[in-house]
Each structure stands twice: as structure tokens, then as C-alpha cells.
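A look at the structure
Spelled out from the first residue to the last, the chains are:
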Amino acid sequence: MNLRRSLVSAVLVAAVVSPAAVFSAAPAFAESAPKAAQSRNESGSIAELERAAADAAKAYEAAVANEAKVQAEVTAFLDDSQPYLGKLQAAKAAAVKAAAAKAAATKEAEEAAAAYASASDEDRPKVKERMLKAFDAANAATAADEKAKAAVTAAGKALDDARVEAFRKLDRAQKATKAAATAQAAADKALADAKAAAAEKPAEKPAEKPADQPAGKPADKPAAVTPASVTTKTTTTTTNTTRATTGSATELAETGSNPATPYLALGSGLAISLGAAALYVSRRKPAARNTA
């Protein structure tokens, strides 16, 4: 009796565990979900690259025009560096005058000093006064000459700085043109590569004509639409749409397994359970008779 009960218990355990094992061995269920579109819109990409190439071309044209303008300005400035050249010329002219005034004042001071040395006692006061004035004038002329020379130096430095700045401006314009040309070349290359990549992709073949339909013959008219067919098509479309958008609990994940596997597993589990129950009932009746 104990042996029979143990066997019956083992069969029941197997009947309960077997469906779980079958289900665990079967592929997992997964809800169907619409795949996200990951391919890039080629037409949009090419359009963006075309706009970028057009912008780069405009930038290059602007850079070339600016360089030409700066080149003309630099050339004109080197030919006639105004107002710096005019200031330098004026400073040089003033320096020449100051040098001449200094030379005259120095000569007068020397002559006054010599006259004072040879003057009589009566003439000494007048000669002394002349000598002192000559010395003052010579000192002032010397200071004016030094100032005029400094002005010439400053005007020359200002002219040199202006010319250097003009060359720097031209250099910046030339570098901007080179950078714009490089950017345009890169944009053109990107556009060309995108177009080449799009051209290399195989084009979709057009739908072929049925072989049995002769050329020039119109296609058969569509069958008459009945309310029943409309209802059937509507139901089918609704079901397919629901599956595509929300997924179905009876569809397997994309693992390559047969979608009927869960149903087979469920049927196997039910069959095992029914067999275990039948075995239990068949074994229980003899045991009850023996007890009686």
C-alpha cells in the first residue's frame, strides 16, 4: 500500500512538474513591437550637405573678395602712405629748419663770445648783453633741434608700424581665404561621397507584370465587394494592426522557433496530468477493496 501511494505521489509530482519543465524548455514569449527606423533619410542628408556646400562656396567667394579689397588697400597705402608719410615729411622739414636755426644760434653765440673777449671796458656791458642773448638763443635752438629730430623718429616709427599692420591685415585676409577654400573642399567632398554612396545602393525593382496577362490587355476587374467580405477584411486589418502596435502574448521572440511550440507544450502537460489522474484512480479502487 505504501509503495503504491509513493508511486502515485511520484506520478502526480511528475504530472505537475513536467508542464513547467516543458514550458521552461520552450522559447520565451515576447511581445511583438514595431522596429524603429534606424536608416538615415538619405535625401535629407544630401540636401543638408548641398546647403552646407553652397554656404561654403559663398564664404569662399566672400573671402576672395575681401582679400582682393585688402590687397588693393595695401598697395595704395604703400604707394602713398597717408597720413603717416605726410607727417613724416613735415617732421623732416621742421627738423631741417630747426637744425639751421641751431647752427645760426651757435654761430652767433660764438661771435658774441669772441666780441666780449676783445671788447673795451666801455663796450663790455653791451657786448656782454649780446653774448648772453646769443647763448640763450643757441640753447633754445639746440632744444628745438632735438625735439624736431624726435618728431622725425616718431613719425618714421608710426609709418613703419602702419605698414607692418597693413601687411598683417593682408596676411589675415590670405589665411581666411585659404581656410574658406579648405572648408569648401571638405564640404564638396562630403557631398560627393554621399551622392556616390547613394548611387552605389541597388535600386528597387519595379513590380513585374503577370506572365499570363498579354501586353496591352487591361487587367481583370476587381471582384464585387460584398458586406461580408468588407467585414472580414476590416476584422483582419484590425487584428493585424493590433498585433503590430501592441504585440501578442502568443507570439514568440524572434529566435527561429515554431510559434506552435507553446500549444504543443501545453497539450503535453495536460496529457501527462490526465494520465496521472487516471493512474491514481485505477490504483485507488483495488486498495479500497482490499481494505474492505
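About the cut-offs
- Within each chain, residues carry numbers counting from 1 in the order of the written sequence.
- Thresholds applied to this predicted model are a pLDDT of at least 70 for local features of residues and 80 or more for the giving and counting of side-chain atom pairs; totals over whole chains, interfaces and linings are not thresholded and use all residues.
- Side-chain metrics in this entry use all non-hydrogen atoms of the structure; hydrogen atoms and water are not considered.
- A run of H or I in DSSP counts as a helix once it spans at least four residues, and a run of E counts as a strand once it spans at least two, with each numbered from the N terminus.
- Only protein chains enter the accessibility calculation, which uses a 1.4 Å probe; a residue is then buried when its area is under 20% of its type maximum, exposed when over 50%, and partly exposed in between.
- The contact criterion used is simple: two residues touch if any of their non-hydrogen atoms lie within 4.5 Å.
- Per-residue and other accessible areas were derived by the Shrake-Rupley procedure at a 1.4 Å probe size, with only the shown protein chains allowed to occlude residues.
- As a per-residue quantity, pLDDT reports the predictor's confidence and falls between 0 and 100.
- By salt bridge we mean one thing: a side-chain nitrogen of Lys or Arg within 4 Å of a carboxyl oxygen of Asp or Glu.
- The criterion for an aromatic pair is that two Phe, Tyr or Trp rings (for Trp, the six-membered ring) have centres within 6.5 Å, with stacked assigned to planes under 30 degrees apart, edge-to-face to planes over 60 apart and tilted to the rest.
- Here, a charge over a ring is recorded when the distance from Lys NZ or Arg CZ to the ring centre is within 6 Å and its angle to the ring normal is within 35 degrees.
- Among buried residues, the Ala, Val, Leu, Ile, Met, Phe, Trp, Tyr and Cys ones that are joined through side-chain atoms within 4.5 Å form a nonpolar core.
- To obtain an axis, a line is fitted to C-alpha atoms, over the contacting stretch when the element is a helix, and the angle between two such axes runs from 0 to 180 degrees between their N-to-C directions.
- Any angle from 65 to 115 degrees is called roughly perpendicular, while one under 35 is roughly parallel, one over 145 is roughly antiparallel, and all others are oblique.
- By the definition used in this description, the sense in which the near helix is turned from the far one sets the handedness, with an anticlockwise turn below a right angle giving left-handed and a clockwise turn giving right-handed.
- Classification convention: Asp, Glu, Lys, Arg as charged; Ala, Val, Leu, Ile, Met, Phe, Trp, Tyr, Cys, Pro as nonpolar; all other residues, Gly among them, as polar.

Across its full length, the protein carries 6 helices and 0 strands. Moving toward the C terminus, one meets the helices and strands of the protein in the order α-α-α-α-α-α. Every one of the 292 residues in the protein was classed for burial, and the buried ones make up 17%. By sequence separation, contacts in the protein at least 24 residues apart represent 84% of the contacts at least 6 residues apart. With an accessible surface of roughly 21,300 Å², the protein has 61% of that area assigned to carbon and sulfur atoms.

Right, let's talk about the confidence of the model for the protein for a bit. Interpretation of the predicted coordinates at a detailed level should be avoided for regions scoring low in pLDDT. Taken over all residues, the pLDDT of the protein has a mean of 74, while the share at 70 or more is 54%. By mean pLDDT, helix H5 (residues 227-246) is the weakest element of the protein at 44, and helix H4 (residues 124-200) is the strongest at 95. A low-confidence stretch, residues 214-255 (pLDDT under 50), is modelled with 35 contacts involving residues beyond four sequence positions or located in other chains.

Here we come to the pattern of salt bridges. This structure, assessed with the given rule, holds 12 salt bridges. Here Lys169 makes a salt bridge to Glu73, at a shortest N to O gap of 3.4 Å. With a gap of 96 residues between them, Lys169 in helix H4 and Glu73 in helix H2 (residues 42-79) connect regions that are remote in the sequence. Relative accessible area serves as the criterion here: at 39%, Lys169 is assigned to the partly exposed category. On the basis of relative accessibility, which here comes to 37%, the residue Glu73 falls in the partly exposed class. The partner of Lys133 in a salt bridge is Glu129, with the nearest N and O atoms 3.6 Å apart. One end of the pair is Lys133 and the other is Glu129, both in helix H4 and 4 residues apart, which spans about a single turn. Judged by relative accessible area, Lys133 falls into the exposed class, the value being 54%. When its relative accessible area of 45% is taken as the criterion, Glu129 is described as partly exposed. One network of salt bridges, in which partners are shared, links Lys102, Asp145 and Lys149.

On to the packing of aromatic side chains. With the rule as written, the count across this model stands at 1 aromatic pair. Where Phe77 meets Tyr84, the ring centres are 6.1 Å apart and the plane angle is 80 degrees; that geometry is what we call edge-to-face. If you follow Arg124 out to its NZ or CZ, it ends over the ring of Tyr116, 5.4 Å from the centre.

This part is about unusual backbone geometry. Note that the residue after Gln82, namely Pro83, is joined by a cis bond; omega there is 5 degrees. Checked against the element boundaries, Pro83 lands in the loop between H2 and helix H3 (84-118).

In terms of nonpolar packing, the biggest core is built from 8 residues, these being Leu88, Ala91, Ala95, Ala98, Ala148, Val152, Ala155 and Leu159. Elements with a contribution of two residues or more to this core: H3 and H4. Once residues lying within four places of it in the same chain are set aside, the contact partners of Leu88 are Val152, Ala155, Gly156 and Leu159.

Another point: the environment of Glu146. Within the element layout of this structure, Glu146 appears in helix H4. The sequence separation of Glu146 and Ala95 amounts to 51 residues, and the corresponding C-alpha distance is 8.3 Å.

Let's shift gears to the environment of Lys107. As for its placement among the helices and strands, Lys107 is situated in helix H3. Given the relative accessible area of 51%, Lys107 is considered exposed. A sequence separation of 28 residues divides Lys107 from Phe135, and the C-alpha atoms of the two residues are 9.8 Å apart.

Tracing the chain through its elements places Thr177 in helix H4. Thr177 gets classed as buried once you look at its relative accessible area, which sits at 9%. Not counting chain neighbours up to four residues away, the residues in contact with Thr177 comprise Tyr60, Ala63, Val64 and Glu67.

Turning our eyes to something else, we now look at the packing of H3 against H4. Two elements in contact, H3 and H4, have axes whose closest approach is 7 Å; the angle formed by their N-to-C orientations is 160 degrees. Considered as vectors, H3 and H4 are oriented roughly antiparallel to each other. The handedness of the crossing between H3 and H4 is left-handed. Per-class residue counts for the contact of H3 with H4 are 31 nonpolar, 3 polar and 10 charged.

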